Amino acid sequence: MNTKELKILLAYPRGFCAGVDRAIEIVKKTLSKFGPPVYVRHEIVHNTQVVESLKKLGAVFVEELNEIKDRTRPVIFSAHGVPKSVPEEASNKKMFYIDATCPLVTKVHREAERHNKNGYKIILIGHKGHPEVIGTMGQIPKENIVLIETIEDAKKIKIDGPIAYVTQTTLSVDDTKDIIEVLKKKFPTIKSPVKEDICYATTNRQNAVKKIASQCDMFLVIGSDNSSNSKRLVEVAKKAGCRKAQLINFKKELPLKEIVNCNTIGLTSGASAPEKLVQDFISEIKKHTKVFIDEQNTSKEGVTFKLPSTLIN
């Protein structure tokens, strides 16, 4: 065992946000109220361990509704949100569905709809192919919404008439700010969201990383490979001064040799990663070296979201 002490700067806030908590609770409550199987369209949240634990309780994950053979069973829509065509399809098939879309994603959906109703063309800042982006674009006719991902996209975009923009909720705060600046220069009358679309949890987790990244030899973000907010935390750590930042997925081997050779590492977890994974990681490191934990608290979170009424009664 390495006798040198390793300092772990543990970022807080980290891990589950209110939208993820609510989505997982919806699956569990649906299972206890209606019994298994309960179908879930797409991964409820982007975390392998969460999905596996819910499968054990009787959740069956599908990508499309036509994969569900027994239409008498409840189906849940994931926290990322779905295009309008999905609940319409469920209603046409007389399926009972529960929507676990994060309320902060629903806010973006309603904004897009409102702008569309008022005659605006909408620019969505987000990542192509991400379920949240697919869901938001599916709220209004496709000719009225265009996706951009980068500053270059913002510079090149050609669009006429009144314009508004909305964003994915899990983007890098700083990168998005730069893209918005370009859009505002190009379209001085562009309409902004009343309250920014990047959610409180994304912002808080990125701020926590910014505070400690420059003090670290290595920065580790616990999360799944398909988690947008986890990937953004890695990018934020690199930008804030820790070049050796990486995503840690527990299915893969940990870079233990590299970790124990550091003096200080930063540690956080994405908004869909359970705290158990953070504690398991720390326990594993403790087997190989002496560890001193220094939790860095940058903000308090007390946000909670109500469950759908069908599960409360």
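Sequence order sets the numbering: in each chain, residues are counted from 1 along the sequence as written. Residues qualify for local features only when their pLDDT is at least 70, as the model is predicted, and side-chain atom pairs are given and counted only at 80 or more; totals for whole chains, interfaces and linings, by contrast, use all residues. Heavy atoms throughout the structure, all of them, feed into the side-chain values; hydrogens and water do not.

Caption draft 1: Looking closely at the overall build of the protein. Counting its regular elements, the protein contains 12 helices and 12 strands. Our radius of gyration looks at C-alpha atoms and nothing else; its globule reference is 2.2 Å times the residue count to the power 0.38. Its C-alpha atoms give the protein a radius of gyration of 21 Å, near enough to 20 Å, the size a compact globule of 313 residues would have. Expressed as lengths along the three principal axes of its C-alpha atoms, the size of the protein is roughly 65 × 55 × 30 Å. Two residues qualify as a contact provided that any one of their heavy atoms is within 4.5 Å of a heavy atom in the partner residue. Long-range pairs, those at least 24 residues apart, make up 77% of the contacts in the protein between residues at least 6 apart in sequence. Counting every atom, the protein has about 15000 Å² of accessible surface; 52% of that belongs to carbon and sulfur. Positive residues here are Lys and Arg, negative ones are Asp and Glu, while His and the chain termini are left out of the count. In plain terms, the charge of a residue is placed at NZ if it is Lys, CZ if Arg, CG if Asp and CD if Glu. Side-chain charges in the protein split into 50 positive and 37 negative, and the spacing between the mean points of these groups amounts to 2 Å. Going along the chain from the N terminus, every DSSP run of H or I of four or more residues is numbered as a helix, and every run of E of two or more is numbered as a strand. Method for areas: the Shrake-Rupley scheme with a 1.4 Å probe, in which residue coverage is limited to the protein chains shown.

Caption draft 2: Expanded view of the environment of Ile212. Within the element layout of this structure, Ile212 appears in helix H8 (residues 200–212). Through-space distance from the C-alpha of Ile212 to that of Val166 is 30 Å; in sequence the pair is 46 residues apart. Contact partners of Ile212, with chain neighbours within four places excluded, come to Leu9, Ala11, Phe219 and Gln296.

Caption draft 3: Representation of the pairing of strand E8 (residues 163–167) within the structure. Note on exposure labels: buried denotes an accessible area under 20% of the residue type's maximum, exposed denotes more than 50%, and partly exposed covers the range between, all computed with a 1.4 Å probe on protein chains only. Most of E8 sits inside the fold, with five of its five residues counted as buried. What you see with E8 is no split at all: Ile163, Tyr165 and Thr167 on one side and Ala164 and Val166 on the other are buried throughout. Strand pairing is assigned whenever DSSP identifies at least 2 bridges connecting the two strands. As judged from the five bridges shared by strand E6 (residues 121–125) and E8, these two strands associate in the parallel manner. Paired with Ile122 across the two strands is Ala164, which belongs to E8.

Caption draft 4: Representation of the sheet that holds E8. Judged by pairing direction, the sheet is parallel, and its three strands sit side by side in the order E7-E6-E8 without closing on themselves. Across the chains shown, the open sheet's two edge strands, defined by having one partner strand only, are strand E7 (145–148) and E8. Averaged over all neighbouring strand pairs, the angle between strand axes comes to 25°, with direction disregarded. With four bridges joining them, E6 and E7 adopt parallel strand pairing. Lines fitted to the C-alpha atoms define the axes, with helices restricted to the stretch that makes contact. Angles between their N-to-C directions range from 0 to 180 degrees.

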